[in-house]
Amino acid sequence: MRFLAEEDLVRLLHYQANNVPPPWQIRQLKEQIDDAIRSAELNGSVTGAIDMKMVHTIVQMKIRLDNLYADWAEGKLNNDSGVN
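From a predicted model like this one, the values you see are computed outputs, not experimental measurements.

Peer 1: Talk me through helix 2 (residues 24-47); I want residue IDs and the actual numbers.
Peer 2: With 24 residues, helix 2 should reach 34 Å at 1.5 Å per residue; the first-to-last C-alpha distance of 34 Å fits that figure. For helix 2, every residue scored as buried is listed here: Trp-24, Ile-26, Leu-29, Ile-33 and Ala-36. For helix 2, the elements touching its buried residues are helix 3 (52-73). Two residues or fewer past helix 2, Gly-48 is found with a positive phi of approximately 75°.

This is how it looks when you write it as structure tokens:
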């Protein structure tokens, strides 16, 4: 678990208050998480069972997302276009 320094938290709150879109890495991972959740929900509704491997995968993706937000707040990610 990472904790942000006060100035990094202020930067993140500034981004939020000014509707600064997150960097492409964050947006891309959020889309992947949403897709994985939809897939897991569909699978669960069809099979009636929870796929614990998929739950673990989604949790790991969310941890990576938290770390990306921390990197962004610390100035390690920029808001480039994300063209790979």
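Peer 1: Explain the packing of helix 2 against helix 3 residue by residue, including any values.
Peer 2: Direction vectors running N to C along helix 2 and helix 3 enclose 160°, while the axes themselves pass 10 Å from each other. Judged by the angle between their axes, helix 2 and helix 3 are roughly antiparallel. Judged by the twist between their axes, the crossing of helix 2 over helix 3 is left-handed. Seen from helix 2, the contacting residues are Gln-25, Ile-26, Leu-29, Lys-30, Gln-32, Ile-33, Ala-36, Ile-37, Ser-39 and Ala-40; seen from helix 3, they are Met-54, Ile-58, Met-61, Lys-62, Arg-64, Leu-65, Leu-68, Tyr-69 and Trp-72. Residues that form the contact of helix 2 with helix 3 fall into these classes: 13 nonpolar, three polar and three charged.

Here is what the cut-offs are and how they apply
- Residues numbered from 1 in each chain as written.
- Predicted model: local features only at pLDDT ≥ 70, side-chain atom pairs only at ≥ 80, totals over all residues.
- Heavy atoms only, no water.
- Helix = DSSP H or I, 4+ residues; strand = E, 2+ residues; numbered from the N terminus.
- Expected span 1.5 Å × (residues − 1).
- Buried < 20%, exposed > 50% of the residue type's maximum accessible area, 1.4 Å probe, protein only.
- Contact = heavy atoms within 4.5 Å.
- Axes fitted to C-alpha atoms, helices over the stretch in contact; angles between N-to-C directions.
- Parallel < 35°, antiparallel > 145°, perpendicular 65-115°, else oblique.
- Left-handed = near helix turned anticlockwise from the far one by under 90°.
- Nonpolar A, V, L, I, M, F, W, Y, C, P; charged D, E, K, R; others polar.

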